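# Structural description and commentary
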Amino acid sequence: MGQSVSTAKLTSRRDCNRSQRSKSKSTALIGQMQAEEAEEVERNSIDGLSDIISVLPDECLACIFQSLTPGDRKRCSLVCRRWLRIEGQSRHRLSLNAQSDLHPLIPFIFSRFDAVTKLALKCDRRSVSIGDEALAQISEHCRNLTRLKLRACRDLTDAGMLAFAKNCKSLKKLSCGSCTFGAKGMNAVLDHCPALEELSVKRLRGITDGAAAEPIGPGVAAASLKSICLKELYNGQCFGPLIVGAKNLRSLKLFRCSGDWDKLFSLIVDRVTAIVEIHMERIQVSDIGLTAISNCLNLEILHLVKTPECTNVGLGSVAEKCRLLRKLHIDGWKANRIGDQGLIAVAKSCLNLQELVLIGVNPTKISLEMLASNCQNLERLALCGSDTVGDAEISCIASKCIALKKLCIKSCPVSDHGMEAIASGCPNLVKVKVKKCRGVTSEGVEWLRTNRGSLVINLDTGEQLDASASDGGGAQDNGVEFPPMVASQIGAPSIASSSTGRSTSHKLLGLLSGMSLVACTLRRFGNSNGSSQS
C-alpha cells in the first residue's frame, strides 16, 4: 500500500512538472502572439491615423479651416484636391486686388470661391482699376453677396453699379471710397437692394456739385437702412432724400461734408424718429440744427467734433429733451462756445450718462461737481486740452465720481497733487491715462501706483487715440477712445479682408468649435466600429 502511495506521488509529481512545462511553453507562445498582435495593432493604428482626416465630414474640415490664419488656409489648400475644394467652398470673405488685370481671372477665382458673401475690391490709387464689365461678371458669380467694399475703383461707372445691383439684391452693407461713379449708380443700388442696412460713402467723385446735383434716394432700401455714414463729400446734401426717407435709421454720421445741415436736420427729425446715434465732425451746423436734433427723444450717443457754431444754447436744448443720452463727445476746438452752462444742463437732465469726453472745452469745478453728483452712472471720463482743469477739479472728480472706471487726462494743468487725490478717491477706478500734463512727474505716478496697486496707469505713452471716430483728421491730437463696456454696444464689424485674420477670441471660439465637431465625429466613428466588431 505504501508502494502504491509513493507511485501515486511520483505520477502526480511527473504530471505536475509536465503541466508546468506545458504551461510555460503556452505562456511563452501566448506572449509571443500577444506581442505580434500588439505590433500589428500598433501598425494598423498608425495606418489608421493617416486615414482619420479622410473620413471626417466636409463640414468638420471646413470648420477647422475657418479657424486658421489666411496663410495656413492657403497652405492647407495645397495638400490635396479635396482640401482645395473644401477650403474654397468654406471661404465666405474675400479681398482682391481690383486692378484691371483681375478681369480675365474672375471665372477661375469665383468657380473655386463660390460661397463668398463678403467681398472687398481694393485698387491702388496709381493703378488702373477693374471696370464695369468685370464688376458685372463678379455679380453674376456672387448673387448671394451681402457685403461689398469698393476702394479706389476709379473705372467703375453708373452702368457697372446698375448691373451689379440687379444681380446682388441681397446686399446688406455697401462701403465705397474714392470711386468715380455718381448719383445714378448710387440710386441703382438703393432701387434694387431692398435688404440694405448699412451705407458708407467717402469721397464719391462722380456726384455733381451745385444746384444741378441729382438727388440720391430714397429708393426701396430706405425702409431697411439703419446706418448712414458720409465722409468728405463736396455735395453730401444730395443724400438728403435718402436720410429723410430712412424711417428706421438709427445711426447717422457726417464727417467733413460741405453745405448747410441745419435745414436738413429740421426735416429729418420730423420723419426719422428711431435715431439713437449722431456723429458730426467739421460740418456746418449751428444751434438751429441742435435744437432740431433735440426732438430725437431716443438719442443715446452724440458726437460734436469741431462744430464751432454750436453753443451752450444748442447743447442745453439737446440735454433738456434727450434724457436717454449715454455718450457725449465734445471737441470745442478752443472756441469757448460750450462750457459750464451747457454741461450743467447735461448734468441736470442726462442722469444716464456713462461716457463723457471733453476736448478743447474749459469746464470748471462748478459743472464738473454737478456732473459727478448727478450722473451716478458715469464710468468713463476724458478731459483733454483744457486750461481750467487742475488739481482742484481732479480732486472734485476723485471724491464725487463713485462709479468712474476709466479716466483720461491730457494737456491739462494737473500736478502730482491731483494724482494724490485720485489715490484716495474713485473706488471703482481701474485705469488712468495721463499724457502731456507737465505738472505730473514720474515720481507722482509711481506714488499713485504704489498706493493703488490694482490701478493701471499710463503716463505719456504717446498713443494716438481718436475721439471723433473718423479715419484720418479730426481730433486725433487730443483724442481718446473708450472701448465698449458691454457686448450690446459693440457695432457691426466692417468687411474683413482675406489677408487679415479675425479677432483672437473669434479664432479661439472657432478652433474650439472645430475641435468639438472633430471629437463628436471621432466618437461617432468609434461607436460604429465598436458595434460592428461586437
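Here's a quick rundown of the structure. (Residues numbered from 1 in each chain as written. Predicted model: local features only at pLDDT ≥ 70, side-chain atom pairs only at ≥ 80, totals over all residues. Heavy atoms only, no water.)

What follows is about the packing of helix α7 (residues 158-167) against helix α8 (residues 183-192). With their axes 8 Å apart at the nearest point, α7 and α8 run at an angle of 10 degrees to one another. With respect to α8, the element α7 is oriented roughly parallel. Contacts from D158, M161, L162, A165 and K166 of α7 reach α8 at K184, G185, A188, V189 and H192. Each residue belonging to the contact of α7 with α8 can be placed in one class, and the counts come to five nonpolar, two polar and three charged. (Axes fitted to C-alpha atoms, helices over the stretch in contact; angles between N-to-C directions. Helix = DSSP H or I, 4+ residues; strand = E, 2+ residues; numbered from the N terminus. Parallel < 35°, antiparallel > 145°, perpendicular 65-115°, else oblique. Contact = heavy atoms within 4.5 Å. Nonpolar A, V, L, I, M, F, W, Y, C, P; charged D, E, K, R; others polar.)

Quick look at unusual backbone geometry now. The amide bond that connects G217 to the next residue, P218, takes the cis arrangement and shows omega of 5 degrees. Structurally, P218 is set in the loop between β5 (198-202) and β6 (227-231). The phi angle at R203 is positive, at roughly 50 degrees, despite the residue not being glycine. Looking at where R203 falls in the secondary structure, it is placed in the loop between β5 and β6. The exposure class assigned to R203 is buried, which follows from its relative accessible area of 15%. Non-glycine residue K306 carries a positive phi angle of around 55 degrees. Along the chain, the position of K306 falls in the loop between β9 (301-305) and α12 (312-321). (Buried < 20%, exposed > 50% of the residue type's maximum accessible area, 1.4 Å probe, protein only.)

Right, let's get into the packing of aromatic side chains. Following the criterion strictly, the structure yields zero aromatic pairs and no others. Positioned over the ring face of F255 is K231, at 5.4 Å from the centre of the ring. (Phe/Tyr/Trp six-rings, centres within 6.5 Å; stacked < 30°, edge-to-face > 60°. Lys NZ or Arg CZ within 6 Å of the ring centre and 35° of its normal.)

For strand β1 (residues 93-97), a buried count of four out of five residues is recorded, marking the element as mostly surrounded by other parts of the structure. In this sheet, strand β2 (residues 118-122) lies alongside β1 in parallel orientation, the contact comprising five bridges. In the sheet register, R93 faces β2, and the bridge partner there is K118. Taken together, β1, helix α5 (residues 106-112) and β2 form a β-α-β motif whose crossover is right-handed. (Pairing = 2+ DSSP bridges. Right-handed = clockwise from strand over helix to strand, strands pointing away.)

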